[in-house]
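In case you want the letters, here they are:
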Amino acid sequence: KTSRGSSGKDSPEATTTILTVPSLEDDIGIDDILSDDDDMDNVVCARGVCVIADDELAPELCYLDPENENFVCEPNTSAAATPSFTLAYLWPRALLLFCSMLYGTNFPLGRMMNEALPASAATSARMLMAALALSPFLLKLDKDLRPLAFLSGSFVALGYITQSIALIDTPGATVAFLGALVVVIPPALSAVIDGKRMGLRDVPQVWLAAILCLVGVGALELGPALSGGGAEASTLGGNNWAGDAWSVLQAVGFGTSFFITEKMMTRNPDQALPITAMQVGVTAFCSAVWAGVVGTGVLASGGDAATATPWLMDATTRASYALPGLFNDLDMRTIALAVVWTGLFTTAANRVGETLALGKVSSAEASVLLATEPLWAALFGNILVHETLSGWDITGGALIVTACCCNAIKPETIRNLVGLDDPNV
C-alpha cells in the first residue's frame, strides 16, 4: 500500500511505499505469507521481536523487502507529532528501559540461585513458572508456525541453559557482556543461510558492531592478564575460560533464536506472544530434561556442582530443590522469591511489557534501550552479590554495549559519514 505525508500531496517527498505483513485472520500457510503482500500490517522489530506498529504513534514503519529479504524502515509521515516529555511519548520508552532493567536482574539473581540450588534445578523451576504464566497465549499459536516456533524455542533453551551453567562460577556482569555478542549472530546467519550481501558497503553498521565486539571481548579476556592484576583486579577478572565459553554459547543460542523468530514475526507480528509462549514452553521442557538427567546421576555433572548423591535421588534435597517443595522450605525463601521473580516477572511479564511498548517507538530506539541490559546486570551485580568492575571490565563492557547501539544505526548514515558512497573509495 502507499502511505502519504500529512500534507496529502503526491510529491516524491510525501509518498512512501510500504510493504506490510499479512494478517493471520486468513487461513494461509507459510508459502502464501512469503508471497502475498495484500492486507498486511506494518511492524516494529528489535532483538528478534516484531509487533504491529501503532500507525498513529510509531515514528517509523518497517517492512520486509520481498526482493532481497532486507528489513526496511521508512519515516511514518502520517503519525501525529508527539512532543517530547509528554506521557504518550515517554511511557513506551520508559517501559522498554524498565524491561531492560528487569532483564539485567536475571544475571545476579541467577548466580544467587545457582549458589543455593543445582543450576539445572534453578533453571527448570524458573522456566516452569514462566511457561505456566504464558501458557494461555500458546493456544493462539498459528498451526503453520509451530515447527519454526519449536525450532527457535530449542535455541532459546540452549541460550538459557548455557547462561545458567556460565553463572555457576562466572560473574553475572561478565556473562551479560559476553551475551551481548548476540548482536553479530543474526547478521552472520543471514549471510550464511540467506546468502545476504554482507560487504562493508552493504552493512557497515554490522562491521562496526563486529569490530567493537571483538575489541571489547579482547579487553574482557586479555585485559586482566596484561595488567597483571593489582589495581585493575576485580571480581570479574581471571581466566575462567570455560565460563566465558558457555557465555559465548549463550549468545549463539539467543542469536540464532532471534534470527528465526524475526523471520516469523515480521510476517506474523500478531503472533509475538504465542511464539514466545512456545519458546518458553520448549525451554521449560529442555530444562526439565536437563534436571532429570543430572538429578538422577545419568550425567555425572552436566553443569551442576558435583555432589556425592544426585539431588533427585536424595529425599532431603529433592524436597527442597524441586517445586513445589522449594516454596515450603523456610531456609530457601529468598531463593524461592528469586525463582518467582525471574520466572513470572523478568521472563513472562517482561515480554508482555516489551510487546506493548515496542509498536510505539522506532526499531532503532528500542534496540538502543534494550542494549542497556548488560549495564543493569553490572549495577545489580554490584548491589546484590557485590561484584566489582575493573577498568578493563568497564572498557570491554562499554565497547560491547556500544556495538549493540551501533548495530541500530541506519547503513546510509555510516556510509555518508565515512564516504563509502563515494565510488572512488
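Structure shown above.
Residues numbered from 1 in each chain as written. Predicted model: local features only at pLDDT ≥ 70, side-chain atom pairs only at ≥ 80, totals over all residues. Heavy atoms only, no water.

K.L.:
Kindly report on the overall build of the protein, identifying the contributing residues and their values.
P.N.:
When you go through the protein residue by residue, the secondary structure sums to 16 helices and eight strands. Across the 425 residues in the protein, those meeting the buried criterion constitute 49%. The long-range fraction of contacts in the protein, counting pairs at least 24 apart against all pairs at least 6 apart in sequence, stands at 76%. When the accessible area of the protein is evaluated, it comes to approximately 19,100 Å², of which 64% is carbon and sulfur surface. (Helix = DSSP H or I, 4+ residues; strand = E, 2+ residues; numbered from the N terminus. Buried < 20%, exposed > 50% of the residue type's maximum accessible area, 1.4 Å probe, protein only. Contact = heavy atoms within 4.5 Å. Areas by Shrake-Rupley, 256 points an atom, 1.4 Å probe, with all protein chains shown as cover.)

K.L.:
How would you sum up the state of the cysteines? Please name residues and give values.
P.N.:
Tallying each qualifying case throughout the model produces one disulfide. Each sulfur in the disulfide pair C45 and C50 lies 1.9 Å from the other. Because the sign of the S-S torsion sets the handedness, a value of about 115° for the bond joining C45 and C50 places this disulfide among the right-handed ones. With respect to class, C45 is no different from C50; both count as buried. Counting only cysteine sulfurs, C405 is the nearest neighbor of C406, a cysteine outside any disulfide, at a range of 7.0 Å. (Disulfide = S-S within 2.5 Å.)

K.L.:
Any details on the nonpolar core? Residues and values, ideally.
P.N.:
Ranked by internal contacts, the top residues of the largest apolar core, which has 32 residues, are F177, L181, F254 and I400. In contact with I400, not counting residues within four places along its chain, are F177, A180, C213, G216, V217 and L220. One finds C45, C50, V361 and A366 within the second-largest nonpolar core, a separate group that totals 31 residues. (Core = buried A, V, L, I, M, F, W, Y, C linked by side-chain atoms within 4.5 Å.)

K.L.:
Could you give me a rundown of helix α14 (residues 373-385), with the residues and numbers involved?
P.N.:
With 13 residues, α14 ought to run about 18 Å at 1.5 Å a step, and its terminal C-alpha atoms sit 17 Å apart, in line with that. When we look at burial in α14, the residues that qualify are E373, P374, A377, A378, F380 and G381. Summarising the contacts, the buried residues of α14 are in contact with α2 (87-116), α5 (172-179), α13 (363-370) and α15 (391-406). Phi turns positive, to about 60°, at H386, one or two residues after α14. (Expected span 1.5 Å × (residues − 1).)

K.L.:
Mind laying out the pattern of salt bridges, listing which residues take part and the relevant values?
P.N.:
As enumerated under the stated definition, the model contains seven salt bridges in all. A salt bridge links E373 to R47, with the shortest nitrogen-to-oxygen separation between them at 2.9 Å. With E373 in helix α14 and R47 in the loop between β5 (43-46) and β6 (49-52), this pair connects stretches of sequence that are 326 residues apart. With a relative accessible area of 28%, R47 lands in the partly exposed category. The residue E365 makes a salt bridge to R93 at a minimum N-O spacing of 2.9 Å. Of this pair, E365 sits in helix α13 while R93 sits in helix α2, and the two are 272 residues apart along the sequence. Accessibility expressed as a relative area gives 25% for E365, which makes it partly exposed. With relative accessibility at 13%, the residue R93 sits in the buried group. (Salt bridge = Lys/Arg side-chain N within 4 Å of Asp/Glu carboxyl O.)

K.L.:
Before we move on, could you go through the packing of aromatic side chains and cite the residues and values that matter?
P.N.:
A ring pair, where both rings are aromatic, is described by two values, the distance of the centres and the angle of the planes. The full count for this structure, using the stated rule, is four aromatic pairs. Against the face of Y103 rests R47, its NZ or CZ located 5.3 Å from the ring centre. (Phe/Tyr/Trp six-rings, centres within 6.5 Å; stacked < 30°, edge-to-face > 60°. Lys NZ or Arg CZ within 6 Å of the ring centre and 35° of its normal.)

K.L.:
Any details on the side chain of N268? Residues and values, ideally.
P.N.:
On the secondary structure map, N268 appears in the loop between α8 (241-267) and α9 (272-295). N268 gets classed as buried once you look at its relative accessible area, which sits at 1%. At a separation of 2.8 Å, a polar atom in the side chain of N268 contacts the main-chain carbonyl oxygen of M264. (Polar contact = N/O pair within 3.5 Å; in protein donor to acceptor, adjacent residues only side chain to side chain.)

K.L.:
Tell me about the pairing of β6, and please be specific about residues and values.
P.N.:
In the sheet, β5 pairs with β6 via four bridges, with the strands oriented antiparallel. Paired with V44 across the bridge in β6 is V51. Between the end of β5 and the start of β6, which pair antiparallel, lie two residues, with R47 showing a positive phi angle near 50°. (Pairing = 2+ DSSP bridges.)

K.L.:
Mind laying out the packing of α5 against α8, listing which residues take part and the relevant values?
P.N.:
It is at 8 Å that the axes of α5 and α8 come closest, and there the two elements cross at 40°. When the interaxial angle is binned, α5 and α8 end up oblique. Note that α5 runs across α8; the crossing there is right-handed. Where α5 abuts α8, its residues T174, V175, L178 and G179 lie against D244, S247, Q250 and A251. (Axes fitted to C-alpha atoms, helices over the stretch in contact; angles between N-to-C directions. Parallel < 35°, antiparallel > 145°, perpendicular 65-115°, else oblique. Left-handed = near helix turned anticlockwise from the far one by under 90°.)

K.L.:
I'd like a rundown of the environment of D142, residues and numbers included.
P.N.:
Position of D142 among the secondary structure elements: in the loop between α3 (119-138) and α4 (146-166). The buried category is assigned to D142, whose relative accessible area is 17%. Once the C-alpha coordinates of D142 and I275 are considered, the two residues, 133 residues apart in sequence, prove to be 8.8 Å apart.

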